[in-house]
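So the chains spell out like this:
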Amino acid sequence: MIALVTGLLAFSGALLMLIAAVGLLRMPDFYMRMQAAAKAGTLGILLIVAATGITLGSLSALLHAFLASLFFLLTTPIAAHLLGRAAYLSGIRPMVLEDELAGRYHPATHELRSNNAPAASTPGSDRIEETPA
Amino acid sequence: MTERLVGLPVSSPLLTIAMVILVAALLLALVRIVRGPTIPDRVIALDLTASLVVGLLLLLGAVLQLLAIVDIAIVLALIAFLGTVAFASLIERRTRE
C-alpha cells in the first residue's frame, strides 16, 4: 500500500518535471519558458521529495524530506525571479503587444512607478538615465 | 535511533518508470541548453537540469534505501541555487556597464 502511494507520488512528480522540460523546450518566449520550468519543476521536485521521505520511512528521513522541500519551496521562485529580472534588464522583451513595464522600472534602485507619467523612453540601456519617482 | 545505512533495494516498478521519465526530461532540457538563443535561456535550462538531477538522486536513494544520497541531493540543490543567483547577478551587472 505504502509502496503504491510512494510510487504514484514519484510518478506524478516525474511527469510534472517532464511537463516542465517540454514547456522549456516548446514555449516561444523566455518568460514563458521560465514560468513553465519554475512552477511545474517546483511541484515535481516536491512530490519526488515526499515520495523519497515516505519510502525511507525513518524519522531522520522524514526530517530530511521536510527540510529539503522547505528549501526547494524557498529557493526555486527566488532563482526564477532573479533570472527574470536580469533578463528584463538585459533587454529581452516579452512577447506581448504592449510592454507595460517599459519606462516604469528603475534599473538601479529597482523601484516601480505606477503613475501615468509618459513612458516614452525606449526600452534598453537608456532607461538608466531616468530618475526614480 | 536505529537506522540502517544500507538496506535491501526496493523493487517498485513505478519508481523505475519515474527515473526513466526524469532522464527523458533531462534530455529535453539539454536540447534547450544547446540551442537556447540567449544566456538566460541557458541558465534557466541549467537550473531545471540541476533539479532534475536532484530528483534522480532522490529516487536513487529511495530505491537503494540510502539516506546519505538525500544529503548529497540537498547539497547539489544548494550549489545549483547559488550558481543560478550568481549567473543572474552576472547578467545584470554586465548589462549595466
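Taking an unreviewed UniProt entry as the reference, chain B is identified by name as pH regulation protein F belonging to Thermomicrobium roseum. Listed under Subcellular location (unreviewed entry) in UniProt, the entry text for chain B is "Cell membrane". In UniProt, chain B has this text filed under Sequence similarities (unreviewed entry): "Belongs to the CPA3 antiporters (TC 2.A.63) subunit F family."

Caption draft 1: Here's a closer look at the overall build of chain A. The helix and strand inventory of chain A stands at three helices and zero strands. Element order for chain A, N to C, with α for helix and β for strand: α-α-α. For chain A, long-range pairs separated by at least 24 residues make up 53% of all intrachain contacts whose partners lie at least 6 apart in sequence. Here chain A has roughly 6900 Å² of accessible surface; of this, 70% comes from carbon and sulfur atoms.

Caption draft 2: Structural context of the overall build of chain B. Secondary structure assignment for chain B yields three helices and zero strands. Helices and strands appear in chain B in the N-to-C order α-α-α. A burial count over chain B gives 46% of its 97 residues as buried. At a minimum sequence separation of 6, the contacts of chain B that also span at least 24 residues come to 62%. When the accessible surface of chain B is totalled, it reaches about 5100 Å², and 75% of it is carbon and sulfur.

Caption draft 3: Geometry of the packing of helix H1 (residues 2–26) of chain A against helix H1 (residues 13–35) of chain B. Where H1(A) contacts H1(B), the two axes come as close as 8 Å, and the packing angle between them is 15°. Looking at the two axes, H1(A) sits roughly parallel to H1(B). You can see that H1(A) and H1(B) cross each other, and the crossing is left-handed. By residue class, the composition of the contact of H1(A) with H1(B) is 23 nonpolar, two polar and two charged.

Caption draft 4: Geometry of the nonpolar core. Phe72(A), Leu22(B), Leu48(B), Leu52(B) and Leu59(B) are the most contacted members of the largest nonpolar core, which totals 57 residues. Per-element tally for this core: the top contributor is helix H2 (residues 30–56) of chain A, with 12 residues. Those residues within four positions of Leu59(B) in sequence are excluded, and the remaining contacts are Ala10(A), Ile48(A), Thr52(A), Leu15(B), Ala18(B), Met19(B) and Leu22(B).

Caption draft 5: Fine view of the UniProt feature "transmembrane region" (unreviewed entry) in chain B. Residue and element names in this part refer to chain B. If you check UniProt for "transmembrane region" (unreviewed entry), the listed places come out as residues 12–31, 43–66 and 72–91 in our numbering. Counted over residues 12–31, helix gives 95% and strand 0%. Its end C-alpha atoms are 30 Å apart. As annotated, residues 72–91 has a helix share of 100% and a strand share of 0%, and its two end C-alpha atoms lie 29 Å apart.

Caption draft 6: Highlighting helix H3 (residues 59–89) of chain A. Helix length check: H3(A) (31 residues) gives 45 Å between terminal C-alpha atoms against 45 Å at 1.5 Å per residue, within 8%. One or two steps after H3(A), the chain reaches Gly91(A), where phi turns positive at roughly 100°.

Caption draft 7: Broad picture of the packing of H1(A) against helix H2 (residues 39–64) of chain B. One can describe the packing of H1(A) onto H2(B) by two numbers: an axis separation of 11 Å at closest approach and a directional angle of 165°. Taken together, the axis directions place H1(A) and H2(B) in an arrangement best described as roughly antiparallel. The element H1(A) and its partner H2(B) pack so that their crossing is left-handed. In this structure, H1(A) uses Ala10(A), Met17(A), Ala20(A), Ala21(A) and Leu24(A) to contact H2(B), whose residues at the interface are Ile44(B), Ala45(B), Leu48(B), Ser51(B), Leu52(B) and Leu59(B). When grouped by side-chain class, the residues that make up the contact of H1(A) with H2(B) number 10 nonpolar, one polar and no charged.

Definitions and cut-offs
Residues numbered from 1 in each chain as written. Chains lettered and ligands numbered in written order. Predicted model: local features only at pLDDT ≥ 70, side-chain atom pairs only at ≥ 80, totals over all residues. Heavy atoms only, no water. UniProt positions renumbered as here; feature names shortened; annotations may be inferred. Helix = DSSP H or I, 4+ residues; strand = E, 2+ residues; numbered from the N terminus. Contact = heavy atoms within 4.5 Å. Areas by Shrake-Rupley, 256 points an atom, 1.4 Å probe, with all protein chains shown as cover. Buried < 20%, exposed > 50% of the residue type's maximum accessible area, 1.4 Å probe, protein only. Axes fitted to C-alpha atoms, helices over the stretch in contact; angles between N-to-C directions. Parallel < 35°, antiparallel > 145°, perpendicular 65-115°, else oblique. Left-handed = near helix turned anticlockwise from the far one by under 90°. Nonpolar A, V, L, I, M, F, W, Y, C, P; charged D, E, K, R; others polar. Core = buried A, V, L, I, M, F, W, Y, C linked by side-chain atoms within 4.5 Å. Expected span 1.5 Å × (residues − 1).

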